[in-house]
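What follows is the residue order along each chain.
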Amino acid sequence: MSRPDAEVPACGAAEARPGRPDEPVFSEPWQAQAFAMTLALQERGVFSWSEWASALSKQVHRPDAAADGSDYYEHWLAALEALLAEKRIAAPQLIDEMTAAWRRAAHATPHGQPILLENDPERA
């Protein structure tokens, strides 16, 4: 699931952060999508906020984490993937297969068009 490039509504991307009026909340659509998926899964009881906080903390405190936090949403996504695997919602192999399918779909989609999983040339 790493960095899906699916077309996603802006979901705050155009809204400025308090104290940073010119900086968007999400710099890429996949970040908003990962954020929204996390909220939806927590609201459905798939995991608790304490489980989420622990999973995210493990990721952002990895030795290879960027000191400036520029990789925050990569860690967010890795934490979500880890929780999904831990809860047996999605096996790591399935996540990797879907990631590859979305990448192929993105490469097969003409510029300016919505990226759809159906655009994956390997999809049956």
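Before any of the text, the structure's been laid out above.
Just so it is clear, the structure is predicted and the values come from calculations on it, not from any experiment. (Residues numbered from 1 in each chain as written. Predicted model: local features only at pLDDT ≥ 70, side-chain atom pairs only at ≥ 80, totals over all residues. Heavy atoms only, no water.)

**Q** Any chance you could explain the side chain of T109 here in plain terms?
**A** With respect to the helices and strands, T109 occurs in the segment after α4 (92–108). Within the structure, the side chain of T109 is placed 2.6 Å from the backbone oxygen of A105, a separation counted as a polar contact. For T109, the side chain forms a polar contact with the side chain of N119, separated by 2.8 Å. In this structure, T109 is in contact with P114, I115, L116 and N119, ignoring residues within four places of it in sequence. (Helix = DSSP H or I, 4+ residues; strand = E, 2+ residues; numbered from the N terminus. Polar contact = N/O pair within 3.5 Å; in protein donor to acceptor, adjacent residues only side chain to side chain. Contact = heavy atoms within 4.5 Å.)

**Q** Would you mind showing me how to read the environment of V60 here?
**A** Looking at the element boundaries, V60 is found in helix α2 (residues 49–60). Sequence-wise, V60 and H75 are 15 residues apart; in three dimensions their C-alpha atoms are separated by 5.8 Å. Sequence-distant contacts of V60, that is, excluding residues within four places in its chain, are made with A65, Y72 and H75.

**Q** Please clarify how the pattern of salt bridges should be interpreted in this entry.
**A** Once their charged atoms are close, side chains differing in charge can pair, the charge on each being opposite to the other. Under the counting rule described, the total for this entry stands at four salt bridges. For K87, the salt bridge identified is with E51, shortest N-O distance 2.6 Å. Of this pair, K87 sits in the loop between α3 (72–86) and α4 while E51 sits in helix α2, placing them 36 residues apart in sequence. The partly exposed category is assigned to K87, whose relative accessible area is 29%. On the accessibility criterion, E51 (26% relative accessible area) is partly exposed. Linking R104 and E122 is a salt bridge whose minimum nitrogen-to-oxygen distance equals 3.7 Å. Of this pair, R104 sits in helix α4 while E122 sits in the segment after α4, and the two are 18 residues apart along the sequence. (Salt bridge = Lys/Arg side-chain N within 4 Å of Asp/Glu carboxyl O. Buried < 20%, exposed > 50% of the residue type's maximum accessible area, 1.4 Å probe, protein only.)

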